[in-house]
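# A structural walkthrough
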Amino acid sequence: LEEMYIYGGRETIQQMLKLGDRISEIAITGDDYRNVDRWYSKIEQAAGDAVKTLPWYEADTYLGSMLAVMDGFVLVWIIVVFLALSFGLVNTLVMAVFERVREIGLMLALGMRPGNILGQIVLESTMLLAIGLALGSALSWATVQPIKDGIDVSIVGEGMDMWGMSSVLVPELLLSDVILANVVVLILGFLASLSPAWRAAQYEPIEAITKV
């Protein structure tokens, strides 16, 4: 920061810029730079009409646009990952149903209704997904814990200081992100299980039992 800014006393700077007792800018920082609307209106009201009040993404449009592009890139990447995940889920569930054709035929022959077969397969798929998500969330938490104090990337990121950014990356596992990912996977798993479950419910008992 010392290479980008010049620090001086307020009165000295006011005298050099011939501002009198006025101040050119007051910057207020919060704990969440993405969510400024909840307190921006209060600051704007307190400042009054005589002072121009702007959120940071309007005061620095370049940085705001760059962050929006990065968010869009991350969103596309997440969509691609979840689409690939959904194809994997469908394939796994279809193979699981094919391997149990004779078992499903036997249950139908014993009087189990097709609706119960559909519900059973959907329930089994949801339970397997829930167990996998619980294990995955626990592993992700265990992975973050050893590096929670930060990763020093100063060797490859010396130029980060020029932008006022720290050379230590601190990973953070947000509960909201974990919940969002788990909910999305559960919904995809539920939708993916409907097709093989419906197919299993339409089996004819005799054909299913005798199928090799």
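An account of the accompanying structure is given in this report. This is a predicted model, so every value here is computed, not measured. (Residues numbered from 1 in each chain as written. Predicted model: local features only at pLDDT ≥ 70, side-chain atom pairs only at ≥ 80, totals over all residues. Heavy atoms only, no water.)

Attention now goes to the packing of aromatic side chains. This structure, assessed with the given rule, holds 1 aromatic pair. On the basis of an interplanar angle of 80° and a centroid distance of 5.8 Å, the ring pair of W56 and Y57 is categorised as edge-to-face. In this structure Y57 comes out as partly exposed when scored by relative accessible area, which is 33%. (Phe/Tyr/Trp six-rings, centres within 6.5 Å; stacked < 30°, edge-to-face > 60°. Buried < 20%, exposed > 50% of the residue type's maximum accessible area, 1.4 Å probe, protein only.)

Here G132 shows up in helix 6 (residues 114-144). Judged by relative accessible area, G132 falls into the partly exposed class, the value being 40%. As a C-alpha pair, G132 and N182 span 50 residues in sequence and 9.9 Å in three-dimensional space. (Helix = DSSP H or I, 4+ residues; strand = E, 2+ residues; numbered from the N terminus.)

Core analysis: the largest hydrophobic core is formed by 11 residues, namely V97, V101, I104, M107, L108, I117, I121, V122, A197, A200 and Y203. Secondary structure elements with two or more residues in this core: helix 5 (101-109), helix 6 and helix 7 (175-201). Those residues in contact with I104 that sit more than four places away from it in its chain are V97, I117, I121, A200 and Y203. (Core = buried A, V, L, I, M, F, W, Y, C linked by side-chain atoms within 4.5 Å. Contact = heavy atoms within 4.5 Å.)

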